[in-house]
Amino acid sequence: MDSILIHGGTPLAGRIPIAGAKNACLALMPATLLSDEPLTLTNCPRLSDIRTMTQLLQSLGAEVSQLQGGQVLVLSSHDLAGVRADYDIVRKMRASILVLGPLVARRGRAEVSLPGGCAIGARPVDLHLRALEALGAAMDLRDGYVHASAPSGLRGAVVEFPFVSVGATENLLLAAVLARGTTVIRNAAREPEVVDLARCLRRMGARIAGEGTGVIEIEGVDRLAGATHPVVVDRIELGTYMLAPAIAGGEVECLGGRLDLVAAFADTLARTGMEVRATADGVAVRHGGARPRAVDVVTAPFPGFPTDLQAQMMALLCIAEGESVLEERIFENRFMHAPELLRMGARIEVHGGTARVHGVERLRGAPVMATDLRASVSLILAGLAAAGETVVSRVYHLDRGYERLEAKLSAVGARIERVQGT
Ligand code: EPZ
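The rules behind these values
- Residues numbered from 1 in each chain as written.
- Predicted model: local features only at pLDDT ≥ 70, side-chain atom pairs only at ≥ 80, totals over all residues.
- Heavy atoms only, no water.
- 1 Å grid on protein atoms, 1.4 Å probe; cavity = no way out; pocket = protein on both sides within 12 Å on 5 of 7 lines; lining within 4 Å.
- Points joined across faces, edges and corners; volume = space filled by probe spheres on them.
- Nonpolar A, V, L, I, M, F, W, Y, C, P; charged D, E, K, R; others polar.
- Pairing = 2+ DSSP bridges.
- Helix = DSSP H or I, 4+ residues; strand = E, 2+ residues; numbered from the N terminus.
- Expected span 1.5 Å × (residues − 1).
- Buried < 20%, exposed > 50% of the residue type's maximum accessible area, 1.4 Å probe, protein only.
- Polar contact = N/O pair within 3.5 Å; in protein donor to acceptor, adjacent residues only side chain to side chain.
- Contact = heavy atoms within 4.5 Å.
- Disulfide = S-S within 2.5 Å.
- Core = buried A, V, L, I, M, F, W, Y, C linked by side-chain atoms within 4.5 Å.
- Domains from an automatic or database assignment.
- Axes fitted to C-alpha atoms, helices over the stretch in contact; angles between N-to-C directions.
- Near = heavy atom within 4 Å.
- Areas by Shrake-Rupley, 256 points an atom, 1.4 Å probe, with all protein chains shown as cover.

Student: What is the right way to read empty space enclosed by the protein from this model?
Tutor: To find leftover empty space, one rolls a probe the size of a water molecule over the atoms. This model, assessed by the stated rule, comprises 2 cavities of 30 Å³ or more. One number sums up the size of the largest cavity: a volume of about 40 Å³. As for the largest cavity, its lining consists of R235, L261, V262, A263, A264, F265, F302, P303, G304 and P306. Taken together, the residues that form the lining of the largest cavity break down as 8 nonpolar, 1 polar and 1 charged. One number sums up the size of the second largest cavity: a volume of about 30 Å³. Residue lining of the second largest cavity: A19, G20, P45, L47, D234, E237, G401, Y402 and E403, and that is the complete set. Among the residues making up the lining of the second largest cavity, the classes are represented as 4 nonpolar, 2 polar and 3 charged.

Here is the structure:
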(Lines give C-alpha, C1' and ligand atoms only; values in the text may rest on other atoms or scores of the structure.)
Protein backbone atom coordinates (compact mmCIF):
# COMPACT_ATOMS: atom_id res chain seq x y z
CA MET A 1 0.00 0.00 0.00
CA ASP A 2 1.26 3.50 -0.84
CA SER A 3 2.07 6.05 1.83
CA ILE A 4 2.78 9.79 1.84
CA LEU A 5 6.04 11.10 3.21
CA ILE A 6 6.25 14.72 4.44
CA HIS A 7 9.18 16.75 5.74
CA GLY A 8 7.52 19.56 7.66
CA GLY A 9 8.55 23.10 8.37
CA THR A 10 8.70 24.63 4.87
CA PRO A 11 6.55 27.73 4.29
CA LEU A 12 4.37 27.61 1.18
CA ALA A 13 4.03 30.02 -1.73
CA GLY A 14 2.04 29.74 -4.92
CA ARG A 15 -1.29 28.74 -6.39
CA ILE A 16 -3.34 25.56 -6.10
CA PRO A 17 -6.15 24.79 -8.56
CA ILE A 18 -9.30 23.54 -6.84
CA ALA A 19 -11.19 20.70 -8.54
CA GLY A 20 -14.91 20.12 -8.98
CA ALA A 21 -16.71 18.87 -5.89
CA LYS A 22 -16.62 15.13 -5.24
CA ASN A 23 -19.87 15.22 -3.29
CA ALA A 24 -21.66 17.25 -5.96
CA CYS A 25 -20.42 14.96 -8.72
CA LEU A 26 -21.56 11.85 -6.82
CA ALA A 27 -25.12 13.25 -6.68
CA LEU A 28 -25.08 14.56 -10.26
CA MET A 29 -23.96 11.32 -11.91
CA PRO A 30 -27.10 9.34 -10.89
CA ALA A 31 -29.21 12.03 -12.63
CA THR A 32 -28.32 10.20 -15.86
CA LEU A 33 -30.71 7.46 -14.76
CA LEU A 34 -33.61 9.92 -15.21
CA SER A 35 -33.23 10.50 -18.95
CA ASP A 36 -32.55 8.58 -22.14
CA GLU A 37 -30.53 11.49 -23.50
CA PRO A 38 -26.85 12.07 -22.59
CA LEU A 39 -25.83 14.07 -19.53
CA THR A 40 -22.43 15.74 -19.84
CA LEU A 41 -20.69 16.79 -16.64
CA THR A 42 -17.66 19.06 -16.92
CA ASN A 43 -15.15 20.01 -14.19
CA CYS A 44 -15.36 16.52 -12.68
CA PRO A 45 -12.71 15.57 -10.11
CA ARG A 46 -10.56 12.53 -10.88
CA LEU A 47 -11.06 10.42 -7.79
CA SER A 48 -11.59 6.81 -6.85
CA ASP A 49 -15.12 7.57 -5.54
CA ILE A 50 -16.06 8.88 -8.98
CA ARG A 51 -14.72 5.65 -10.51
CA THR A 52 -16.84 3.66 -8.05
CA MET A 53 -19.99 5.59 -9.04
CA THR A 54 -19.04 5.02 -12.70
CA GLN A 55 -18.88 1.26 -12.09
CA LEU A 56 -22.20 1.29 -10.28
CA LEU A 57 -23.95 3.16 -13.11
CA GLN A 58 -22.37 0.85 -15.68
CA SER A 59 -23.61 -2.16 -13.73
CA LEU A 60 -27.13 -0.72 -14.15
CA GLY A 61 -26.65 -0.46 -17.93
CA ALA A 62 -25.59 3.19 -18.22
CA GLU A 63 -22.76 4.14 -20.58
CA VAL A 64 -20.10 6.40 -19.12
CA SER A 65 -17.33 7.89 -21.28
CA GLN A 66 -14.46 9.92 -19.97
CA LEU A 67 -13.07 12.84 -21.95
CA GLN A 68 -10.15 15.16 -21.14
CA GLY A 69 -8.56 12.61 -18.83
CA GLY A 70 -11.75 12.18 -16.80
CA GLN A 71 -12.55 15.87 -16.27
CA VAL A 72 -15.55 15.49 -18.55
CA LEU A 73 -17.97 12.60 -18.12
CA VAL A 74 -20.62 11.80 -20.69
CA LEU A 75 -23.29 9.58 -19.18
CA SER A 76 -26.08 7.94 -21.10
CA SER A 77 -28.91 5.75 -19.84
CA HIS A 78 -30.86 5.16 -23.07
CA ASP A 79 -30.74 1.44 -22.54
CA LEU A 80 -31.01 0.80 -18.81
CA ALA A 81 -31.03 -2.90 -18.11
CA GLY A 82 -30.47 -3.29 -14.38
CA VAL A 83 -32.22 -2.07 -11.25
CA ARG A 84 -29.92 -3.70 -8.70
CA ALA A 85 -27.06 -1.93 -6.87
CA ASP A 86 -24.93 -4.75 -5.51
CA TYR A 87 -23.47 -4.92 -2.02
CA ASP A 88 -19.97 -5.25 -3.51
CA ILE A 89 -20.14 -1.69 -4.85
CA VAL A 90 -22.39 -0.09 -2.20
CA ARG A 91 -20.14 -1.25 0.65
CA LYS A 92 -17.23 0.67 -0.93
CA MET A 93 -19.16 3.91 -1.07
CA ARG A 94 -22.29 5.02 0.76
CA ALA A 95 -23.23 7.59 -1.89
CA SER A 96 -24.34 4.56 -3.96
CA ILE A 97 -27.71 4.91 -2.21
CA LEU A 98 -28.32 7.92 -4.48
CA VAL A 99 -29.32 5.63 -7.36
CA LEU A 100 -32.41 4.54 -5.39
CA GLY A 101 -34.56 7.64 -6.02
CA PRO A 102 -33.91 7.97 -9.77
CA LEU A 103 -34.30 4.21 -10.41
CA VAL A 104 -37.70 4.07 -8.71
CA ALA A 105 -38.77 7.27 -10.44
CA ARG A 106 -37.83 6.13 -13.95
CA ARG A 107 -37.98 2.32 -13.82
CA GLY A 108 -40.68 1.85 -11.15
CA ARG A 109 -38.43 -0.36 -9.06
CA ALA A 110 -34.97 -0.71 -7.54
CA GLU A 111 -32.98 -3.08 -5.39
CA VAL A 112 -30.20 -1.33 -3.55
CA SER A 113 -27.96 -2.88 -0.93
CA LEU A 114 -28.14 -1.15 2.46
CA PRO A 115 -24.80 0.58 3.07
CA GLY A 116 -24.20 -0.53 6.69
CA GLY A 117 -22.21 1.48 9.25
CA CYS A 118 -19.04 3.38 8.53
CA ALA A 119 -15.97 4.73 10.28
CA ILE A 120 -17.47 8.11 11.19
CA GLY A 121 -20.80 6.88 12.56
CA ALA A 122 -23.82 4.61 12.08
CA ARG A 123 -25.11 6.72 9.17
CA PRO A 124 -28.54 5.13 8.64
CA VAL A 125 -30.54 5.79 5.44
CA ASP A 126 -33.98 5.79 7.08
CA LEU A 127 -34.75 9.35 5.93
CA HIS A 128 -34.07 8.40 2.29
CA LEU A 129 -36.45 5.45 2.55
CA ARG A 130 -39.21 7.35 4.36
CA ALA A 131 -39.05 10.18 1.83
CA LEU A 132 -39.51 7.80 -1.11
CA GLU A 133 -42.31 6.04 0.76
CA ALA A 134 -44.05 9.39 1.11
CA LEU A 135 -43.96 9.61 -2.70
CA GLY A 136 -45.76 6.26 -2.88
CA ALA A 137 -42.91 3.77 -3.22
CA ALA A 138 -43.39 0.47 -1.39
CA MET A 139 -40.28 -0.51 0.55
CA ASP A 140 -39.30 -3.97 1.62
CA LEU A 141 -36.03 -4.72 3.43
CA ARG A 142 -34.81 -8.24 2.62
CA ASP A 143 -31.39 -9.95 2.46
CA GLY A 144 -29.62 -6.67 3.24
CA TYR A 145 -31.29 -4.97 0.27
CA VAL A 146 -33.97 -2.31 -0.03
CA HIS A 147 -36.52 -3.53 -2.56
CA ALA A 148 -38.46 -0.45 -3.67
CA SER A 149 -41.33 -0.44 -6.11
CA ALA A 150 -43.79 2.04 -7.54
CA PRO A 151 -45.23 0.26 -10.59
CA SER A 152 -47.65 3.04 -11.46
CA GLY A 153 -45.20 5.85 -10.77
CA LEU A 154 -44.46 8.21 -7.88
CA ARG A 155 -46.80 10.95 -6.66
CA GLY A 156 -45.72 14.32 -5.31
CA ALA A 157 -46.07 14.85 -1.54
CA VAL A 158 -45.03 17.16 1.28
CA VAL A 159 -41.97 15.71 3.02
CA GLU A 160 -40.67 17.30 6.18
CA PHE A 161 -37.32 15.99 7.36
CA PRO A 162 -36.87 15.81 11.16
CA PHE A 163 -33.28 17.03 10.71
CA VAL A 164 -31.13 18.09 7.78
CA SER A 165 -29.73 15.34 5.56
CA VAL A 166 -27.76 16.15 2.44
CA GLY A 167 -28.14 12.69 0.91
CA ALA A 168 -31.84 12.29 1.70
CA THR A 169 -32.60 15.72 0.20
CA GLU A 170 -30.67 14.72 -2.95
CA ASN A 171 -32.35 11.32 -3.25
CA LEU A 172 -35.78 12.89 -2.87
CA LEU A 173 -34.98 15.58 -5.45
CA LEU A 174 -33.77 12.91 -7.87
CA ALA A 175 -37.09 11.07 -7.49
CA ALA A 176 -39.56 13.96 -7.24
CA VAL A 177 -38.55 15.49 -10.60
CA LEU A 178 -40.38 12.64 -12.39
CA ALA A 179 -43.23 12.21 -9.87
CA ARG A 180 -46.80 13.23 -10.75
CA GLY A 181 -47.71 16.55 -9.13
CA THR A 182 -45.90 18.75 -6.65
CA THR A 183 -43.41 17.75 -3.98
CA VAL A 184 -42.43 20.09 -1.18
CA ILE A 185 -39.28 19.32 0.82
CA ARG A 186 -39.25 21.01 4.21
CA ASN A 187 -36.09 21.25 6.29
CA ALA A 188 -34.17 20.56 3.07
CA ALA A 189 -30.37 20.61 3.09
CA ARG A 190 -29.00 23.95 1.81
CA GLU A 191 -25.52 22.66 0.92
CA PRO A 192 -23.97 23.95 -2.33
CA GLU A 193 -23.94 20.37 -3.64
CA VAL A 194 -27.75 20.23 -3.32
CA VAL A 195 -28.02 23.58 -5.12
CA ASP A 196 -25.75 22.26 -7.88
CA LEU A 197 -27.91 19.16 -8.30
CA ALA A 198 -31.09 21.26 -8.54
CA ARG A 199 -29.45 23.47 -11.17
CA CYS A 200 -28.37 20.50 -13.26
CA LEU A 201 -31.82 18.91 -13.04
CA ARG A 202 -33.34 22.21 -14.14
CA ARG A 203 -31.04 22.23 -17.18
CA MET A 204 -32.48 18.77 -17.94
CA GLY A 205 -35.99 20.25 -17.87
CA ALA A 206 -36.99 19.71 -14.23
CA ARG A 207 -39.16 22.30 -12.49
CA ILE A 208 -37.54 23.13 -9.16
CA ALA A 209 -37.64 26.26 -6.98
CA GLY A 210 -36.16 27.14 -3.59
CA GLU A 211 -32.85 25.25 -3.67
CA GLY A 212 -30.40 26.82 -1.24
CA THR A 213 -33.26 27.51 1.21
CA GLY A 214 -34.91 25.16 3.71
CA VAL A 215 -37.94 24.62 1.44
CA ILE A 216 -37.62 23.18 -2.06
CA GLU A 217 -40.62 22.82 -4.35
CA ILE A 218 -40.61 20.43 -7.28
CA GLU A 219 -43.27 20.20 -9.98
CA GLY A 220 -42.93 16.75 -11.54
CA VAL A 221 -42.51 16.46 -15.34
CA ASP A 222 -43.08 13.48 -17.68
CA ARG A 223 -39.56 13.29 -19.03
CA LEU A 224 -36.16 14.89 -18.72
CA ALA A 225 -33.78 15.73 -21.55
CA GLY A 226 -29.99 15.65 -21.79
CA ALA A 227 -27.87 18.61 -20.62
CA THR A 228 -24.34 19.84 -20.04
CA HIS A 229 -23.48 20.98 -16.54
CA PRO A 230 -20.24 22.15 -14.86
CA VAL A 231 -19.70 20.64 -11.40
CA VAL A 232 -19.45 23.29 -8.65
CA VAL A 233 -16.01 23.82 -7.10
CA ASP A 234 -15.11 21.57 -4.14
CA ARG A 235 -15.55 23.68 -1.01
CA ILE A 236 -13.92 21.02 1.17
CA GLU A 237 -10.83 20.73 -1.01
CA LEU A 238 -10.79 24.55 -1.00
CA GLY A 239 -10.96 24.75 2.80
CA THR A 240 -8.29 22.08 3.13
CA TYR A 241 -5.80 24.00 0.97
CA MET A 242 -6.74 27.31 2.64
CA LEU A 243 -5.47 25.71 5.85
CA ALA A 244 -2.12 24.70 4.33
CA PRO A 245 -0.42 28.14 4.59
CA ALA A 246 -2.15 28.76 7.94
CA ILE A 247 -0.37 25.66 9.24
CA ALA A 248 2.91 25.72 7.33
CA GLY A 249 3.34 29.50 6.93
CA GLY A 250 3.49 31.51 3.70
CA GLU A 251 0.71 32.36 1.27
CA VAL A 252 -1.41 30.24 -1.08
CA GLU A 253 -4.01 31.28 -3.61
CA CYS A 254 -6.71 28.67 -4.28
CA LEU A 255 -7.71 29.04 -7.91
CA GLY A 256 -11.43 28.82 -8.61
CA GLY A 257 -12.23 29.08 -4.89
CA ARG A 258 -15.29 31.04 -3.78
CA LEU A 259 -15.61 32.56 -0.31
CA ASP A 260 -19.43 32.27 -0.37
CA LEU A 261 -19.03 28.47 -0.36
CA VAL A 262 -16.93 28.50 2.83
CA ALA A 263 -18.07 31.66 4.65
CA ALA A 264 -18.35 30.17 8.17
CA PHE A 265 -15.04 28.36 7.80
CA ALA A 266 -13.27 31.42 6.34
CA ASP A 267 -14.51 33.57 9.26
CA THR A 268 -13.15 31.03 11.73
CA LEU A 269 -9.82 30.92 9.92
CA ALA A 270 -9.63 34.72 9.96
CA ARG A 271 -10.30 34.67 13.72
CA THR A 272 -7.15 32.57 14.20
CA GLY A 273 -5.21 35.55 12.80
CA MET A 274 -4.86 34.50 9.16
CA GLU A 275 -5.42 36.94 6.32
CA VAL A 276 -8.19 35.54 4.11
CA ARG A 277 -9.28 37.38 0.98
CA ALA A 278 -11.07 36.97 -2.33
CA THR A 279 -8.85 37.52 -5.37
CA ALA A 280 -9.67 37.86 -9.07
CA ASP A 281 -8.97 34.14 -9.55
CA GLY A 282 -10.10 32.62 -6.27
CA VAL A 283 -9.29 32.86 -2.59
CA ALA A 284 -5.92 33.64 -0.98
CA VAL A 285 -4.75 32.91 2.56
CA ARG A 286 -1.65 34.45 4.07
CA HIS A 287 -0.12 33.53 7.39
CA GLY A 288 -0.32 36.52 9.70
CA GLY A 289 3.23 35.94 11.03
CA ALA A 290 2.22 35.35 14.64
CA ARG A 291 1.22 32.00 16.07
CA PRO A 292 -2.45 31.20 15.28
CA ARG A 293 -4.96 31.99 18.04
CA ALA A 294 -7.26 29.35 19.54
CA VAL A 295 -10.92 29.43 18.38
CA ASP A 296 -14.00 27.37 19.18
CA VAL A 297 -15.73 25.41 16.42
CA VAL A 298 -19.21 23.86 16.26
CA THR A 299 -20.04 21.85 13.15
CA ALA A 300 -23.48 22.36 11.61
CA PRO A 301 -25.33 21.91 8.32
CA PHE A 302 -24.64 24.59 5.66
CA PRO A 303 -24.21 27.54 6.08
CA GLY A 304 -22.58 26.47 9.37
CA PHE A 305 -19.04 25.20 9.85
CA PRO A 306 -18.78 21.99 7.76
CA THR A 307 -18.14 18.68 9.50
CA ASP A 308 -15.94 17.80 6.51
CA LEU A 309 -13.44 20.52 7.58
CA GLN A 310 -13.45 19.77 11.31
CA ALA A 311 -10.47 17.38 11.25
CA GLN A 312 -8.36 19.75 9.14
CA MET A 313 -9.23 22.70 11.40
CA MET A 314 -8.17 20.63 14.41
CA ALA A 315 -4.72 20.18 12.83
CA LEU A 316 -4.30 23.98 12.85
CA LEU A 317 -5.66 24.38 16.37
CA CYS A 318 -3.09 21.84 17.61
CA ILE A 319 -0.42 24.54 17.13
CA ALA A 320 -2.57 27.54 18.16
CA GLU A 321 -1.97 29.66 21.23
CA GLY A 322 -4.53 28.74 23.90
CA GLU A 323 -7.31 26.20 24.22
CA SER A 324 -9.88 25.50 21.50
CA VAL A 325 -13.09 23.51 21.86
CA LEU A 326 -14.44 21.62 18.84
CA GLU A 327 -17.97 20.26 18.94
CA GLU A 328 -18.92 17.70 16.30
CA ARG A 329 -22.70 17.79 15.89
CA ILE A 330 -23.21 15.91 12.60
CA PHE A 331 -21.49 12.54 13.09
CA GLU A 332 -21.08 10.68 16.38
CA ASN A 333 -17.60 9.29 15.81
CA ARG A 334 -15.63 11.84 13.88
CA PHE A 335 -12.54 12.41 16.04
CA MET A 336 -10.45 9.48 14.87
CA HIS A 337 -7.71 11.85 13.80
CA ALA A 338 -7.26 12.93 17.46
CA PRO A 339 -5.33 9.85 18.67
CA GLU A 340 -3.08 10.08 15.61
CA LEU A 341 -2.44 13.79 16.22
CA LEU A 342 -1.52 12.89 19.82
CA ARG A 343 1.23 10.70 18.37
CA MET A 344 2.62 13.86 16.77
CA GLY A 345 2.77 15.67 20.10
CA ALA A 346 -0.66 17.35 20.09
CA ARG A 347 -2.59 17.79 23.36
CA ILE A 348 -6.23 16.83 22.81
CA GLU A 349 -8.91 15.45 25.11
CA VAL A 350 -12.02 13.94 23.55
CA HIS A 351 -15.24 13.45 25.51
CA GLY A 352 -18.12 12.25 23.35
CA GLY A 353 -18.77 14.82 20.65
CA THR A 354 -16.42 17.43 22.12
CA ALA A 355 -12.66 17.77 21.70
CA ARG A 356 -10.53 20.16 23.75
CA VAL A 357 -7.29 21.11 22.04
CA HIS A 358 -4.50 22.73 24.05
CA GLY A 359 -2.22 24.26 21.46
CA VAL A 360 1.48 23.30 21.51
CA GLU A 361 4.29 25.25 19.91
CA ARG A 362 5.46 22.51 17.63
CA LEU A 363 4.25 19.12 16.41
CA ARG A 364 6.75 16.34 15.77
CA GLY A 365 6.69 14.04 12.74
CA ALA A 366 5.57 10.44 13.28
CA PRO A 367 4.17 7.47 11.35
CA VAL A 368 0.37 7.89 11.40
CA MET A 369 -2.74 6.52 9.73
CA ALA A 370 -6.43 7.26 9.74
CA THR A 371 -9.64 5.54 8.89
CA ASP A 372 -11.41 8.12 6.78
CA LEU A 373 -10.77 10.71 4.13
CA ARG A 374 -10.86 13.97 6.09
CA ALA A 375 -9.03 12.49 9.07
CA SER A 376 -6.23 11.40 6.73
CA VAL A 377 -5.83 14.80 5.15
CA SER A 378 -5.73 16.44 8.58
CA LEU A 379 -2.64 14.33 9.27
CA ILE A 380 -1.05 15.54 6.02
CA LEU A 381 -1.70 19.14 7.13
CA ALA A 382 -0.27 18.43 10.56
CA GLY A 383 2.77 16.91 8.85
CA LEU A 384 3.37 20.19 7.02
CA ALA A 385 3.82 21.90 10.39
CA ALA A 386 5.68 19.12 12.19
CA ALA A 387 9.39 18.98 12.81
CA GLY A 388 10.98 16.05 10.97
CA GLU A 389 9.34 13.32 8.98
CA THR A 390 5.69 12.25 8.96
CA VAL A 391 4.55 9.14 7.11
CA VAL A 392 0.82 8.88 6.48
CA SER A 393 -0.31 5.39 5.52
CA ARG A 394 -3.65 4.10 4.15
CA VAL A 395 -3.43 6.60 1.33
CA TYR A 396 -6.41 5.03 -0.43
CA HIS A 397 -8.62 7.17 1.84
CA LEU A 398 -7.02 10.31 0.40
CA ASP A 399 -7.41 9.11 -3.16
CA ARG A 400 -11.18 8.97 -2.61
CA GLY A 401 -11.39 12.72 -2.21
CA TYR A 402 -8.21 14.60 -3.14
CA GLU A 403 -6.89 14.49 -6.69
CA ARG A 404 -3.10 14.77 -7.10
CA LEU A 405 -2.68 15.92 -3.49
CA GLU A 406 1.13 15.50 -3.42
CA ALA A 407 1.52 17.29 -6.77
CA LYS A 408 -0.67 20.21 -5.67
CA LEU A 409 1.16 20.65 -2.36
CA SER A 410 4.66 20.20 -3.78
CA ALA A 411 3.90 22.79 -6.45
CA VAL A 412 3.59 25.39 -3.64
CA GLY A 413 6.82 24.27 -1.98
CA ALA A 414 5.80 21.52 0.43
CA ARG A 415 8.27 18.66 0.79
CA ILE A 416 5.85 15.81 0.20
CA GLU A 417 6.02 12.65 -1.88
CA ARG A 418 4.15 9.42 -2.42
CA VAL A 419 6.06 6.27 -1.60
CA GLN A 420 4.88 3.28 -3.60
CA GLY A 421 3.96 0.34 -1.36
CA THR A 422 5.02 -3.21 -1.92
C1 EPZ B 1 -22.91 13.99 2.93
O2 EPZ B 1 -23.14 12.72 3.55
C3 EPZ B 1 -21.47 13.97 2.46
N4 EPZ B 1 -21.30 12.86 1.53
C5 EPZ B 1 -20.52 13.83 3.64
O6 EPZ B 1 -19.20 13.94 3.16
C7 EPZ B 1 -20.79 14.97 4.64
O8 EPZ B 1 -19.99 14.78 5.78
C9 EPZ B 1 -22.27 14.99 5.05
O10 EPZ B 1 -23.11 15.07 3.85
C11 EPZ B 1 -22.63 16.15 5.95
O12 EPZ B 1 -22.33 17.35 5.31
C13 EPZ B 1 -21.73 12.98 0.27
O14 EPZ B 1 -22.27 13.99 -0.15
C15 EPZ B 1 -21.46 11.84 -0.64
P16 EPZ B 1 -26.23 13.49 5.89
P17 EPZ B 1 -24.62 12.25 3.89
O18 EPZ B 1 -27.32 12.62 5.39
O19 EPZ B 1 -25.54 12.75 2.87
C20 EPZ B 1 -27.85 11.22 9.78
C21 EPZ B 1 -16.89 13.40 3.04
O22 EPZ B 1 -15.90 13.36 3.82
N23 EPZ B 1 -28.79 10.51 8.89
O24 EPZ B 1 -26.36 14.96 5.72
O25 EPZ B 1 -24.55 10.79 4.14
C26 EPZ B 1 -26.40 10.86 9.52
O27 EPZ B 1 -26.03 9.66 10.17
C28 EPZ B 1 -18.24 12.92 3.46
O29 EPZ B 1 -16.81 13.80 1.86
C30 EPZ B 1 -29.75 9.69 9.44
O31 EPZ B 1 -29.83 9.48 10.65
O32 EPZ B 1 -24.83 13.01 5.27
C33 EPZ B 1 -25.70 12.08 10.05
O34 EPZ B 1 -25.56 11.98 11.43
C35 EPZ B 1 -18.31 12.12 4.69
N36 EPZ B 1 -30.63 9.06 8.58
C37 EPZ B 1 -26.66 13.22 9.71
O38 EPZ B 1 -27.93 12.60 9.50
C39 EPZ B 1 -30.59 9.24 7.23
O40 EPZ B 1 -31.40 8.65 6.51
C41 EPZ B 1 -26.32 14.03 8.45
O42 EPZ B 1 -25.97 13.14 7.41
C43 EPZ B 1 -29.63 10.10 6.69
C44 EPZ B 1 -28.74 10.73 7.55
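From this point on, the discussion continues.
Student: When you look at the pairing of strand β8 (residues 138–142) in this model, what are you seeing that I'm missing?
Tutor: For a regular strand, side-chain orientation follows a simple rule: the groups alternate between the two sheet faces. Both β8 and strand β9 (residues 145–149) contribute to a ladder of 5 bridges, which runs antiparallel. Residue pairing across strands places M139 opposite A148, the latter belonging to β9. Connecting the antiparallel pair β8 and β9 is a turn made up of 2 residues, with D143 showing a positive phi of about 50 degrees.

Student: When you look at helix α12 (residues 373–385) in this model, what are you seeing that I'm missing?
Tutor: Residue pairs spaced three or four apart in an α-helix point in one direction, given the helix's 3.6 residues per turn. Look at α12: 19 Å from first C-alpha to last across 13 residues, which is about the 18 Å you get at 1.5 Å a residue. Burial analysis of α12 places 13 of its 13 residues in the buried class, the great majority of the element. If you check the start of α12, you find a side-chain oxygen 3.2 Å away from the backbone N of R374, and it comes from D372.

Student: In this structure, what is going on with helix α5 (residues 126–134)? I would like to understand it.
Tutor: Turning to α5, its buried residues are L127, H128, L129, A131 and L132. As for α5, its buried residues are in contact with α4 (100–107), β8, β9, β10 (158–160) and α6 (166–176). Looking one or two places after α5, you find G136, whose phi comes out positive at around 105 degrees.

Student: Would you take a moment to explain the pairing of strand β13 (residues 215–219) for this structure?
Tutor: Here β13 shows one buried face, formed by I216 and I218, and one open face, formed by V215, E217 and E219. Relative to β13, strand β12 (residues 207–209) is paired through 3 bridges, and the arrangement is antiparallel. What sits directly across from R207, in β13, is E219. The turn linking β12 back onto β13 is made up of 5 residues, and G210 within it adopts a positive phi angle of 95 degrees.

Student: What's the story with unusual backbone geometry in this structure? I'm lost.
Tutor: Across residues other than glycine, the phi torsion is negative in most instances, and most of the peptide bonds are trans. Residues F302 and P303 are joined by a peptide bond in cis, for which omega reads 10 degrees. When you line up the elements, P303 lands in the loop between β18 (297–298) and α10 (310–317). For Q68, which is not glycine, the phi dihedral falls at a positive 50 degrees. Of note, Q68 is situated in the loop between β4 (63–67) and β5 (72–76).

Student: Any chance you could explain the state of the cysteines here in plain terms?
Tutor: Any covalent bond linking the sulfur atoms of two cysteines counts as a disulfide. As enumerated under the stated definition, the model contains 0 disulfides in all. Free of any disulfide, C25 has its nearest cysteine sulfur in C44, 3.8 Å distant. We classify C25 as buried; its relative accessible area is 0%.

Student: Hey, could you run me through the nonpolar core in this one?
Tutor: Grouped burial of nonpolar side chains is what soluble globular proteins tend to show. Core analysis: the largest hydrophobic core is formed by 150 residues, its most contacted members being V99, L173, L201, M242, M314, L405 and L409. Residues lining this core come from more than one domain, with at least three contributed by each of domain 1 (3–18 + 233–419) and domain 2 (22–230). Once residues within four sequence positions are removed from consideration, M314 is found in contact with L326, F335, H337, A338, L341, I348, A355 and V357.

Student: Would you mind going over the sheet that holds strand β14 (residues 227–230) with me for this structure?
Tutor: In a beta sheet, neighbouring strands are held together by backbone hydrogen bonds and run either parallel or antiparallel to one another. Taken together, the 4 strands give an open sheet; going across it, the order is β4-β5-β3-β14, and neighbouring strands pair in mixed fashion. With partners counted over all chains shown, the strands left at the sheet margins are β4 and β14, one partner each. Neighbouring strand axes in the sheet, compared pairwise and without regard to direction, differ in orientation by 15 degrees on average. With 5 bridges joining them, β4 and β5 adopt antiparallel strand pairing. The partner of S65 across the bridge, within β5, is V74. Against the sheet, helix α7 (residues 192–203) makes contact with β3 (39–42) and β14, and its axis sits at roughly 155 degrees relative to β14, the strand it touches most.

Student: Would you mind going over the site of the ligand with me for this structure?
Tutor: Taken together, 21 residues are adjacent to the ligand, and D126, S165, D308, I330 and R374 come closest. In this structure, an oxygen atom belonging to the ligand sits 3.0 Å away from a side-chain N or O atom of K22. Across the complex, the protein chains shield 86% of the 830 Å² of accessible surface that the ligand would expose by itself. Residue assignment for the shell around the ligand shows that the elements contributing at least two residues are α1 (22–28), α5 and α6. Along the lines of polarity and charge, the residues of the shell around the ligand split into 10 nonpolar, 5 polar and 6 charged. Two domains each put at least three residues into the shell around the ligand: domain 1 (3–18 + 233–419) and domain 2 (22–230).

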